[in-house]
Amino acid sequence: MLSSWFALLRMEWICLYRDRQAILYAIVLPIGLYPFLIFTLMQATSISQGLTEKLPSRILVSGPSWVLKHFSSQEFQVERTQEPERLRVLDRLQGGSVDAALLSSLSEEGHRIDLLFDSSRDRSIEAAGRVSSHLNALQRNQVIEWLIKHGIQEDELPFIEDMNVSSPRQMGGFALSLFLPGFLLVMATMAVSHPAIDITVGERERNTWETTLLLPVPLGWILGTKILAVVGMALLAVLLNLTSMSLSIQHLISMFQVETVDVIPRWSQIILLLATSASYALFMASIMILVASRAHHYSEAQSFVAPLYVVSMFPGFLTTTSNLCLDSTTAWIPLLNSALALKAIFSDSLPLGPFLIHLILSTCLALCLAGWACQVLRYRPLPKKGDS
Amino acid sequence: MRNGFSSIQVSSLRKIFPGPRGQETEAVAGISFSCKEGEIYGLLGPNGAGKTTTLRILATLLHPTSGTALVHGFDIAQESIQVRKSLAFLSSTTGLYPRLTAREILEFFGRLFGMRGSALTQRVEEVLHLLDMDSFAHVPCEKLSTGMKQRVSIGRSIIHDPPVWILDEPTSGLDVLAAAKTRDFLREARNRGKCILFSTHIMSEAESLCDRLGILHEGALWAQGSLEEIKEATGTRHLEDAFLHLIRNSSEGEVPT
């Protein structure tokens, strides 16, 4: 019995791994394309950031001359104006001829300085940052001068220093948890999509479905093996993706000489990641088989499953953009719980109870869907009316 | 074979396909026939007669609406796995896995039919040699010609040396040479005691191969017997004339014999 099962699984894997499209999604893309894209993106970002940092900030200053002397460094290109019209200044900021404006005025509350900038332009954001840090330094110096004037010596002033207490591993985990959950889920979805279509409409188009049904084993075995092969494909994609991503990021870190970040996951994390990915892949594979089995031909099936890519992106997007975490409530929301579990695994903050809820729920749901998919596939090969 | 039955025993087999808006199509209308060891039984009929549905039911790919059928003594509804182990089924809808080679397909099916180790290797070599497939045994099936694919399909279906062969238009799409080879192969199999049920709409093929024939039209069996018996019953000299006679009679509302 077991040897028949292995023979079925082996055949499915051989067929999948001789399929160029499956290889592209499960092996080539995870190994090559995504690390390449990240690397290119990081390089482009750092080049663009570097260019912005090199350029002087063009600021418009109105007010007393002591303000001006603080902005005389090479970082700034200062333009002084005596009678600023606020509307004209705003026009110039939005038009991009100046990057920031410092407008000084006297009101009932005292001396007031407004910092104006345009947050839709990188150069303006950079200028605002530079001006703010100069103003902060100015304020600090004023406080020190005032304290000394009132009899407190400079060496008695408190020394304030920021200290990051997270370990390199925690920092690495945090960095990975920001974007990798979404990536892994999308990769798993892409890896299951082609085989899911291939074993449904693909088999029917190639006329191999009846051949398979002639095998002297229960239908459940055949279908179970097919789904298992698809899940195996997804797990391979996840594992390869994780490895190549971690190595790429580690390489980038060493390039930027940031030594306080360790992004290589531990074995225990990898096992948990694979468990979560397996339940997710089983879930997605079953849904895709269900959806694809309704199609009449391959390209129709592709368009049927396309919306599922968007669905798979959404949980990853939510984990990146919100403060949601895996807890006893979110653990009950399918797909989102997988993304949050991955995030928690990466950031080493996995709550055991919600994780078990997520794992059991996802697996049970996936098995129910797989059972449904089996039922659908069982009746699909029946010929249409009049076909004899 | 169990209980001394004919290798194929079909009784009042009926298949109704549900259609849209509650309409139903009766593809097989309660047919009965049998086929013994060392015999070739041909099911003849025009397109849509119910030949493929009948063969699919016998191969356990479809459930009958009513009636029974035994293949090598096993009930098709109750003992489907035993039935599949006892038969070779080949049709235009039993394709080959395109990414596997001929040898891999034979090994895969052999393993699933319970063969192991040297017995499997020996049987695979035997079938490759028997069907003259040695030269392309290592080529993926997607790269083979139609004739080569048909040989691999035959090899796939007989790898476990089953006693019953069910073939749906086995020479369809083959050139003259490949079709003649296939017919020779079927004759040899009959001589080795195999029970062969096959469908065709090529009259000459049926005449040259079949020991007994059944003429199927609109799901009903209009005549069955040896070639001579059918010609005598219809008062014709050729099978084609007998076939046309029966089909025309059926259109005029006569009852099947």
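Here the structure is a predicted model, which means the values were calculated and not measured. (Residues numbered from 1 in each chain as written. Chains lettered and ligands numbered in written order. Predicted model: local features only at pLDDT ≥ 70, side-chain atom pairs only at ≥ 80, totals over all residues. Heavy atoms only, no water.)

Counting its regular elements, chain A contains 12 helices and four strands. Against the 2.2 N^0.38 benchmark of 21 Å for 388 residues, chain A shows a C-alpha radius of gyration of 30 Å, more extended than a compact globule. For the C-alpha atoms alone, the extent of chain A along its principal axes is close to 100 × 45 × 40 Å. Sorting the 388 residues of chain A into buried and exposed places 45% on the buried side. Long-range contacts, defined as pairs at least 24 residues apart, comprise 71% of the intrachain contacts of chain A with a sequence gap of at least 6. Of the roughly 20200 Å² of accessible surface on chain A, a fraction of 63% belongs to carbon and sulfur atoms. (Helix = DSSP H or I, 4+ residues; strand = E, 2+ residues; numbered from the N terminus. Rg over C-alpha atoms; globule rule 2.2 N^0.38 Å. Buried < 20%, exposed > 50% of the residue type's maximum accessible area, 1.4 Å probe, protein only. Contact = heavy atoms within 4.5 Å. Areas by Shrake-Rupley, 256 points an atom, 1.4 Å probe, with all protein chains shown as cover.)

Scanning the model with the defined rule gives six cavities of 30 Å³ or more in all. Roughly 110 Å³ of volume is contained in the largest cavity. Around the largest cavity, the lining residues are M11, E12, C15, L16, D198, I199, E203, R206 and K226 of chain A together with Y97, P98 and R99 of chain B. Looking at the lining of the largest cavity, the elements with two or more residues in it are α1 (2–17) and α6 (168–205) of chain A. The element best represented in the lining of the largest cavity is α1 of chain A, accounting for four residues. Class assignment for the residues of the lining of the largest cavity results in six nonpolar, no polar and six charged. (1 Å grid on protein atoms, 1.4 Å probe; cavity = no way out; pocket = protein on both sides within 12 Å on 5 of 7 lines; lining within 4 Å. Points joined across faces, edges and corners; volume = space filled by probe spheres on them. Nonpolar A, V, L, I, M, F, W, Y, C, P; charged D, E, K, R; others polar.)

Residues and elements named next belong to chain A. Two elements, strand β1 (residues 57–62) and strand β3 (residues 100–107), share four bridges in a ladder whose sense is parallel. Note that in β3 the partner of L60 across the bridge is A101. Here β3 pairs with strand β4 (residues 110–117) via eight bridges, running antiparallel. Looking at the pairing, S105 lines up with R112 of β4. (Pairing = 2+ DSSP bridges.)

This part covers the confidence of the model for chain B. Across chain B, the average pLDDT comes to 88, with 95% of residues at or above 70. The ipTM value of the predicted complex is 0.88, and its pTM value is 0.75. (pLDDT = per-residue confidence, 0-100.)

Another point: the interface of chain A and chain B. Often the size quoted for an interface is simply the accessible area lost on bringing the parts together. The interface is formed by 30 residues belonging to chain A together with 39 residues belonging to chain B. Buried surface at the junction of chain A and chain B, both sides included, amounts to about 3100 Å², of which 62% is carbon and sulfur. Between the two partners, chain A and chain B, sit four salt bridges. As a salt-bridge pair, E210 of chain A and R56 of chain B come within 2.9 Å of each other at their nearest N and O atoms. In this assembly, chain A and chain B are joined by 13 residue pairs in polar contact (both at pLDDT 80 or more). Mapped by element, the contributors of at least two residues to the side of chain A that touches chain B are α1, α6 and α7 (209–213) of chain A. At eight residues, α1 of chain A tops the list of elements feeding residues into the side of chain A that touches chain B. Residue classes in the side of chain A that touches chain B are distributed as 13 nonpolar, eight polar and nine charged. (Buried area = accessible area lost by both parts, 1.4 Å probe. Salt bridge = Lys/Arg side-chain N within 4 Å of Asp/Glu carboxyl O. Polar contact = N/O pair within 3.5 Å; in protein donor to acceptor, adjacent residues only side chain to side chain.)

This model, assessed by the stated rule, comprises seven aromatic pairs over all chains. Here the aromatic rings of W13 of chain A and Y17 of chain A are separated by 5.1 Å at their centres, their planes lie at 35°, and the arrangement is tilted. Placement of both W13 of chain A and Y17 of chain A in helix α1 is noted, with a separation of four residues, approximately one turn of the helix. Judged by its relative accessible area of 23%, Y17 of chain A is partly exposed. Among the aromatic residues, those joined into a cluster by ring pairs are Y97, F108 and F109 of chain B. One cation-aromatic arrangement involves R156 of chain B over F109 of chain B; the distance from NZ or CZ to the ring centre is 5.4 Å. (Phe/Tyr/Trp six-rings, centres within 6.5 Å; stacked < 30°, edge-to-face > 60°. Lys NZ or Arg CZ within 6 Å of the ring centre and 35° of its normal.)

Attention now moves to the sheet that holds strand β8 (residues 195–200) of chain B. Residues and elements named next belong to chain B. With mixed pairing, the six strands of this open sheet are ordered in space as β6-β7-β8-β3-β9-β10. Looking along the sheet, the strands with just one partner apiece sit at the ends: β6 (87–90) and β10 (220–225). Strand-to-strand twist of the sheet, defined as the mean angle between neighbouring strand axes without regard to direction, takes the value 15°. Across five bridges, strand β9 (residues 212–217) lies against β10 in antiparallel orientation. Its bridge partner being in β10, I215 is matched across the sheet by A223. Its contacts with the sheet place helix α5 (residues 146–158) against β6 and β7 (164–168), and it is angled at close to 155° to β6. In the packing of helix α6 (residues 176–191) onto the sheet, the strands contacted are β3 (39–44), β7 and β8, and the crossing angle to β7 comes to about 155°. (Axes fitted to C-alpha atoms, helices over the stretch in contact; angles between N-to-C directions.)

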